[in-house]
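# Overview (structure and organization)
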There are 2 protein chains.
Amino acid sequence: MSLTRDLTHEPKKCTPSMTSPNEKNEQNLTPADQAAGQSVAEEGAVQPAIQSGGQQKTFKDTPLKLESGAALSPFTIAYETYGTLNDDKSNAILICHALTGDQYAASKHPVTGKEGWWEIMIGPGKPIDTDKYFVLCPNVIGGCMGSTGPASTNPATGKAYGLEFPVITIADMVAAQTHLVESLGIKQLFSVIGGSMGGMQVLEWASKYSDRVFSAIPIATAARHSSQNIAFHEVGRQAVMADPEWKSGCYLEENTNPRKGLAVARMAAHITYLSDNALHQKFGRNLQEREKITFGFDADFQVESYLRHQGFRFVDRFDANSYLYITRAMDYFDLFAEHDGILAGAFQDTKTRFCVVSFTSDWLFPTKESRQIVHALTANAANVSFVEIETDKGHDAFLLDEPEMLSAIRGFISAAARQKGLT
Amino acid sequence: MSLTRDLTHEPKKCTPSMTSPNEKNEQNLTPADQAAGQSVAEEGAVQPAIQSGGQQKTFKDTPLKLESGAALSPFTIAYETYGTLNDDKSNAILICHALTGDQYAASKHPVTGKEGWWEIMIGPGKPIDTDKYFVLCPNVIGGCMGSTGPASTNPATGKAYGLEFPVITIADMVAAQTHLVESLGIKQLFSVIGGSMGGMQVLEWASKYSDRVFSAIPIATAARHSSQNIAFHEVGRQAVMADPEWKSGCYLEENTNPRKGLAVARMAAHITYLSDNALHQKFGRNLQEREKITFGFDADFQVESYLRHQGFRFVDRFDANSYLYITRAMDYFDLFAEHDGILAGAFQDTKTRFCVVSFTSDWLFPTKESRQIVHALTANAANVSFVEIETDKGHDAFLLDEPEMLSAIRGFISAAARQKGLT
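Analysis parameters
Residues numbered from 1 in each chain as written. Chains lettered and ligands numbered in written order. Predicted model: local features only at pLDDT ≥ 70, side-chain atom pairs only at ≥ 80, totals over all residues. Helix = DSSP H or I, 4+ residues; strand = E, 2+ residues; numbered from the N terminus. Buried ≥ 20, exposed ≤ 12 C-beta atoms within 10 Å, placed from the backbone. Pairing = 2+ DSSP bridges. Axes fitted to C-alpha atoms, helices over the stretch in contact; angles between N-to-C directions. Contact = placed C-beta atoms within 7 Å. Parallel < 35°, antiparallel > 145°, perpendicular 65-115°, else oblique. Left-handed = near helix turned anticlockwise from the far one by under 90°. Nonpolar A, V, L, I, M, F, W, Y, C, P; charged D, E, K, R; others polar. pLDDT = per-residue confidence, 0-100. Domains from an automatic or database assignment. Expected span 1.5 Å × (residues − 1).

The next subject is the overall build of chain A. Within chain A, the secondary structure is distributed over ten helices and 14 strands. In chain A, which comprises 423 residues, the proportion classed as buried is 58%.

As structure tokens, this is what we get:
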């Protein structure tokens, strides 16, 4: 192949420019306007309703040194907590969220008003029992729910960072979290748990800060992002960047919003979170509130209506540049490469107890990738349990009521608590 | 779910409107400008270089009655032929192309200059031997290589159809082909063969025009489009429609071109034509002409560069509205529904000989869907061979040098020729 040219996206300072009438926000749509049947093409531009989380810590005197060589200073981490930290601060469980997750794991989301994304897992009497444990869930660096990210103000310019925000990695997200954990006086986390990109953070914690992690639960994840997954992320990024309202990342300054591009990105990604069978069983070829096909481009099929709905819902709560940065962080994740291709090197002499979880129908992070983690841990004679759960729910199974997953995690955490003398 | 609203895309007459400066074509890019590393966002708008094929037949006196109730008149079919039709016109093989294919199955493409998409299959001494058979490959109705489609002139307005083009189905494509076949004096096709959407046409031929089909070879296909496949098509359509240069389908009149949207659609689709393993083996996490990641949004990874290249290459040879119409035709295909959910009803008392081919790593049209076809044929005591080919090449395997596929098809065609007394 002669793919020689490679134009660079020069980080561009976000300077407001004249906007022509057709570049301006055409209308302010209410959520009701953004109903599922609506085509992305019919969508008007509105600003994202991104808000800060409840709790925040800003670190002013300890710059966050990034893998790229850049540094973030100051930087803020927004987070939520549930339960009570015990006297010796030994009962903390860190929840690492996925690509489009946030700190509202077990509390109402301030934008959508929906319940937390992991209420099934976290709460009194639940597998992560808030009667026993102190649960800490930070928004990742690069995110858009209060932690420092591309929509934050760049102290050097007084404007939103946009593409001047440095590219961050999973390691950077975790390094930022170490500051938060230290600031709370926690020397060792009882457990670190997360699915998908959250699982990557779990692996990073366990690899780089092994002595600070008593137990680790990486779910539906991989030690490096696959070629196919990079490909899907690249499609999403190109969809965002192809939206003229993206404005080379300066949409906040330009008072535009690449909603359509971000909605298309979300639609493509959402398919990968499910499975062929899940879609077949949920929607099949059922028609959306009609008896016959319409011979047109409306959402004739329920699955089309559902996808459009997913796209529109997402753009209300997520920042387009954050989507670029966080997908990039996942793409760059490669614990193999950091250890000359030998993953076992990432977990040398680890004392952390592991519970690795995968799902049979997850084709985004298939079981074979969890097996690679298990093999690397086994090569270190680590304490590791591996649970592959039979389900047709696909990658998203980690967010759902999967009884086998819930009981496996409940059991593992209880056993680890006994080992740590927490009960 | 309360997905109640469903805005309709009213077919809109394409009337040129005033364009603001930023809506105009910014630049004319040469193919060299559209190199792989380039982001979709950096792409300028140019008109598609779609040309007509070599041979064409226009049917003026026989309106094509469509499943929607509409009719196309006149309608044109562009096609290529290879080999010689014998005296009793009994040696014709019809090639049905896939979604983004065309009539140039075994001859140079007039736009790209590349060799035909199925040269591996068609030619002297090849499985479809042009020394023995007369090979006919038409461009489908709705396409953009000379057959009547949304870019054709609407005789009622004198302008390009755009979204006024009626929605067509696989059955309509095949009905149009029957006119072409009849016009050539061919009473029975010796064989009908095609992969993917081409396979859908093969099934349609065998179902509706059984006595005109001596043998049928549906490859990597299904008797109805799955929910997941509809979902991926919907993402592609939304990507096109989200491009402001799409202009509600009137881009030809408006002198714009939704290249970016169509490129994103192609990128997403292209991933589905491959397999996780194929991508891993072809690209892995290899970097594109650099030694380190750049901490940016360039195409650091070869797979990103490859995908961008696929996107750009595609828009030079394909019409965005054709993409909408042809994906829709596939979505609507459902031979089960036409027979009250019993696929066997589609092939009652068939005398056609079938060779059904699938590929182990094809997750777009997985083997289980070919098995459904085989079961339906078996229920009719049909003459059917089923070949599942072990490959990691994914759906695209039908276009590639898969020796097992080539020898299976060579063998089947030779045997069928003996049965028909052709040799």
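This part takes up the sheet that holds strand E12 (residues 213-219) of chain A. Residue and element names in this part refer to chain A. Strand order in this open sheet of eight strands is E1-E4-E8-E5-E11-E12-E13-E14, and the pairing throughout is mixed. Two strands lie at the open edges of the sheet, namely strand E1 (55-59) and strand E14 (383-389), each paired on one side alone. Looking at each pair of strands side by side, their axes are set apart by 20° on average, direction ignored. Contacts from helix H10 (residues 403-420) reach strand E11 (189-195), E12, strand E13 (353-359) and E14, with the element oriented near 180° to E13.

Glancing now at the packing of helix H3 (residues 227-242) of chain A against helix H8 (residues 320-332) of chain A. Residue and element names in this part refer to chain A. Contact pair H3 / H8: the axes reach a minimum separation of 10 Å and the direction vectors enclose 160°. Looking at the two axes, H3 sits roughly antiparallel to H8. Our pair here, H3 against H8, has a crossing hand that is left-handed. Only Ala320, Tyr323, Leu324, Thr327, Met330 and Asp331 of H8 make contact with H3, whose side of the interface consists of Ile230, His233, Gly236, Arg237 and Val240. Of the residues belonging to the contact of H3 with H8, the class tally is six nonpolar, three polar and two charged.

Any residue range with low pLDDT should be treated as having predicted coordinates unsuitable for detailed reading. Residue and element names in this part refer to chain A. Looking at chain A as a whole, the pLDDT averages 90, with 87% of positions reaching at least 70. Scored below 50 in pLDDT, residues 1-11 makes 27 contacts in the model with residues more than four places away or belonging to other chains. With pLDDT under 50 throughout, residues 43-53 is counted as low confidence; its partners more than four residues away or in other chains account for 41 contacts.

Here the focus is the domain arrangement of chain A. Residue and element names in this part refer to chain A. Assigned domains within chain A: domain 1 (40-50 + 228-330) and domain 2 (55-225 + 334-420). Between the C-alpha centres of domain 1 and domain 2 the distance comes to 25 Å. With 29 residues of domain 1 at the interface, the matching set in domain 2 holds 33 residues. At eight residues, H8 tops the list of elements feeding residues into the side of domain 1 that touches domain 2. Of the residues that constitute the side of domain 1 that touches domain 2, the class distribution is 14 nonpolar, ten polar and five charged.

With that settled, consider the environment of A:Leu274. Residue and element names in this part refer to chain A. Relative to the assigned elements, Leu274 resides in the loop between helix H5 (259-273) and helix H6 (276-282). As a C-alpha pair, Leu274 and Gly116 span 158 residues in sequence and 20 Å in three-dimensional space. Beyond its immediate stretch of four places on either side in the chain, Leu274 contacts Leu279, Gly394 and Asp396.

All names here are of chain B. Within strand E13 (residues 353-359), seven of the seven residues are buried, which leaves it mostly tucked inside the rest of the structure. Side-chain alternation along E13 places Arg353, Cys355, Val357 and Phe359 on one buried face and Phe354, Val356 and Ser358 on a second face that is also buried. In this sheet, E13 lies alongside strand E12 (residues 213-219) in parallel orientation, the contact comprising three bridges. Looking at the pairing, Ile219 lines up with Val357 of E13. Pairing of E13 with strand E14 (residues 383-389), which is carried by seven bridges, proceeds in the parallel orientation.

All right, on to H5(A) then. Look at H5(A): 21 Å from first C-alpha to last across 15 residues, which is about the 21 Å you get at 1.5 Å a residue. Taken across its 15 residues, H5(A) has 14 buried, putting it largely inside the fold.

Our focus in this paragraph is unusual backbone geometry. Glycine aside, residues mostly have negative phi angles, and peptide bonds mostly take the trans form. Residues and elements named next belong to chain A. Residue Pro74 follows Ser73 across a cis peptide bond; omega there is -10°. Checked against the element boundaries, Pro74 lands in the loop between strand E3 (71-72) and strand E4 (75-82). Notably, Asn255 is not glycine yet its phi reads approximately 60°, a positive angle. In this structure, Asn255 sits in the loop between helix H4 (251-254) and H5. Given 15 C-beta atoms within 10 Å, Asn255 falls into the partly exposed group. The phi dihedral of Glu289 falls on the positive side, at around 50°, and the residue is not glycine.

To continue, consider the environment of A:Pro366. Structurally, A:Pro366 is set in the loop between E13 and helix H9 (367-378). The spacing of A:Pro366 and A:Thr221 is 145 residues in sequence and 8.0 Å in space, taken between C-alpha atoms.

This brings us to the sheet that holds strand E8 (residues 134-138) of chain B. Residue and element names in this part refer to chain B. The mixed open sheet is built from eight strands, whose spatial order is E1-E4-E8-E5-E11-E12-E13-E14. Where the open sheet ends on each side, the last strands, each with one partner, are strand E1 (55-59) and E14. Put simply, the sheet's adjacent strands are angled 20° from each other on average, direction ignored. Pairing of strand E5 (residues 92-96) with E8 involves three bridges; the strand directions are parallel. Looking at E8, one finds that Ile93 is bridged to Val135. Helix H2 (residues 197-208) contacts E5, strand E11 (189-195) and E12 of the sheet and is inclined by roughly 150° relative to E12.

This paragraph deals with helix H7 (residues 302-317) of chain A. In a regular helix each residue adds 1.5 Å, so 16 residues correspond to 22 Å; H7(A) covers 23 Å between its end C-alpha atoms and thus fits that length. Within H7(A), 13 of the 16 residues are buried, leaving the element largely enclosed by the surrounding structure.

So, about the environment of B:Arg259. All names here are of chain B. Within the secondary structure, Arg259 sits in helix H5 (residues 259-273). Of the residues examined, Arg259 has 28 C-beta atoms within 10 Å and is grouped as buried. On a C-alpha basis, the gap between Arg259 and Leu99 in space is 18 Å, while along the polypeptide they are 160 residues apart.

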